[in-house]
Amino acid sequence: MTDRTHVKLLIVGSGPAGYTAAVYGARAMLEPMLIQGMQPGGQLTITTEVENWPGETEIQGPDLMVKMEAHAKAMGTEIVTDIVTRLDLGQRPFVAECDSGRRVTADAVILATGAQARWLGLPSEEKFKGFGVSACATCDGFFYRNREVLVIGGGNTAVEEALFLTKFASKVTLVHRRDSLRAEKILQNRLFRNPKVEIVWDHELAEVKGADDPMGVTGAVLKSTKDGTTREVSADGVFVAIGHAPASELVSDQLELHDGGYVKVEAGSTRTSIPGVFAAGDLTDHIYRQAVTSAGMGCMAALDAEAWLAEQDEAGEPDPGSAELPEDATAG
Ligand code: NAP
């Protein structure tokens, strides 16, 4: 496509929310531009089997995202491989500046930047990141053939990571801070049946133990959440799978946010605190966080943007700089 410097609709992010918004936006003749971001395809590109995408009994996450990208492109979306480094929502048209130096202005923006893995924040976790501490079994599991690993967490991600790691590791120990998992029952059953898996209930990771030369993990200190006692276990790798945090840094000082950094939207819509800016997917959803619900929100965002742009057209072109920020939207 062209090197456009102004678009009607700019979509930031390339997970299910972004690509679905792109499909709907393109079909509404809004000629959207979608900027993919740091991880084109989003979180599903670092997962394996997806079994809950309607119409696909089982599909690999990366394959699903390739299909979504192709669909968005086929409908007429301009897909740009770049990273938005600055977004100015305080003026209209809105301004996005990218890592490559690209600068694009947009009449409406759909934010679909998703979420990233959370970390525990332990100094030893930080020290061994990339040297035995990971948040992505799909990326790093291969390095643990016939070795022993720990997985921290009790949600779907932790259980899926643990199950995936059993393909390589000789032993997978899931460490969970409570005595029951929050993961789906079907996943729990698979985990409990797997002979390579041991579960340590009511414990949290207190420290990662390792060597400096060569850098690598040798074990961990686990702390009881019942009585505070600690014990050391040996392990060659530690996978942290304790949930996700929304990627809202670009807009955190411009839009109203919920606790935890999720972008606030009006109930039943994708409208944020700035007119013309819409949010969809994990960036705004702290409850469902599924590929299919993200896609649904992406659809809503495109429809909301289309309606809002039509209202602007009817009312005449907006004055540049006329965007009114709610009083508290600029608070940090
Ligand atoms: P999650 O559901 O929020 O689970 C996070 C887990 O980490 C919880 O078990 C939590 O413990 C534990 N945890 C949180 N902070 C901790 C800490 N500081 N120390 C120790 N443990 C801690 O996150 P998720 O598993 O990443 O899943 C996120 C969303 O994506 C969910 O909605 C999930 O259903 C969805 N998802 C779906 C699929 C799928 O459908 N196949 C796959 C992956 C993810 P508590 O239980 O005690 O709170």
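Student: Got a sec to walk through the overall build of the protein chain? Specific residues and values, please.
Tutor: Looking only at helices and strands, the protein chain features seven helices and 19 strands. On C-alpha atoms alone, the protein chain measures out to a radius of gyration of 22 Å, which is about the 20 Å that the 2.2 N^0.38 rule sets for 332 residues. Principal-axis analysis of the C-alpha atoms places the extent of the protein chain at approximately 70 × 40 × 40 Å. With 332 residues in all, the protein chain has 49% of them scored as buried. Within the structure as shown, the protein chain displays about 16,000 Å² of accessible surface, and the carbon and sulfur contribution to it stands at 49%.

Student: Describe the sheet that holds strand S17 (residues 237-240), naming the residues involved and giving the relevant values.
Tutor: Spatially, five strands are ordered S10-S17-S11-S12-S13 in an open sheet, and the strand pairing comes out parallel. Bordering the open sheet on either side are strand S10 (133-134) and strand S13 (197-200), each of which pairs with just one other strand. Pairing between S10 and S17: two bridges, direction parallel. Residue pairing across strands places Ser134 opposite Phe239, the latter belonging to S17. Across the sheet, helix H5 (residues 156-165) lies against strand S11 (148-152), strand S12 (171-175) and S17, angled at about 170 degrees from S11, the strand it touches most.

Student: Lay out a positive patch on the surface with the relevant residues and their values.
Tutor: There is a patch of like positive charges on the surface, built from Arg118, Arg177, Arg178, Arg182 and Arg289. Position of Arg178 among the secondary structure elements: in the loop between S12 and helix H6 (185-193).

Student: Residues and numbers for the side chain of Glu78, please.
Tutor: With respect to the secondary-structure elements, Glu78 resides in strand S5 (residues 78-80). Judged by its relative accessible area of 7%, Glu78 is buried. Side-chain polar atoms of Glu78 contact the side chain of Arg4, separated by 2.9 Å.

Student: Run through the site of the ligand, naming residues and quoting values.
Tutor: Within the structure, the ligand sits among 21 residues, and Asn52, Thr157, Glu160, Arg178 and Arg182 are positioned closest to it. At 2.9 Å, a side-chain N or O of Arg177 approaches an oxygen atom of the ligand. With respect to the ligand, the side chain of Arg178 contributes an N or O atom lying 2.7 Å from an oxygen atom. In the complex, the protein chains occlude 82% of the 910 Å² of accessible area that the ligand would expose alone. The element that contributes the greatest number of residues to the shell around the ligand is H5, accounting for three residues. Residue-level mapping places the shell around the ligand at the junction of two domains, with at least three residues from each of domain 1 (4-116 + 244-330) and domain 2 (119-240).

Student: Account for the pairing of S17, naming residues and giving values.
Tutor: Residue alternation in S17 divides its side chains into two sets, Gly237 and Phe239 and Val238 and Val240, and both sets are buried. Both S11 and S17 contribute to a ladder of four bridges, which runs parallel. Within S17, the position partnered with Val149 by the bridge is Gly237.

Student: So, the environment of Glu160: which residues are in play, and what are the values?
Tutor: With respect to the helices and strands, Glu160 occurs in helix H5. Along the backbone, Glu160 and Leu122 are 38 residues apart, and their C-alpha atoms lie at a distance of 23 Å. Once residues lying within four places of it in the same chain are set aside, the contact partners of Glu160 are Thr47 and Leu187.

Student: Please give an account of the packing of aromatic side chains that cites residues and values.
Tutor: All told, the structure shown has six aromatic pairs when counted by the stated rule. Of the aromatic side chains, those joined through ring pairs into one cluster are Phe142, Phe143, Phe164 and Phe168. Taking NZ or CZ as reference, Lys129 lies 4.3 Å from the ring centre of Trp119, over its face.

What counts and how
Residues numbered from 1 in each chain as written. Predicted model: local features only at pLDDT ≥ 70, side-chain atom pairs only at ≥ 80, totals over all residues. Heavy atoms only, no water. Helix = DSSP H or I, 4+ residues; strand = E, 2+ residues; numbered from the N terminus. Rg over C-alpha atoms; globule rule 2.2 N^0.38 Å. Buried < 20%, exposed > 50% of the residue type's maximum accessible area, 1.4 Å probe, protein only. Areas by Shrake-Rupley, 256 points an atom, 1.4 Å probe, with all protein chains shown as cover. Pairing = 2+ DSSP bridges. Contact = heavy atoms within 4.5 Å. Axes fitted to C-alpha atoms, helices over the stretch in contact; angles between N-to-C directions. Patch = residues over 30% accessible without salt bridge, like charges linked within 9 Å, V, L, I, M, F, W, Y side chains within 5 Å. Salt bridge = Lys/Arg side-chain N within 4 Å of Asp/Glu carboxyl O. Lys, Arg positive; Asp, Glu negative; His and termini not counted. Charge placed at Lys NZ, Arg CZ, Asp CG, Glu CD. Polar contact = N/O pair within 3.5 Å; in protein donor to acceptor, adjacent residues only side chain to side chain. Near = heavy atom within 4 Å. Domains from an automatic or database assignment. Phe/Tyr/Trp six-rings, centres within 6.5 Å; stacked < 30°, edge-to-face > 60°. Lys NZ or Arg CZ within 6 Å of the ring centre and 35° of its normal.

Keep in mind these numbers describe shape, not what the thing actually does.
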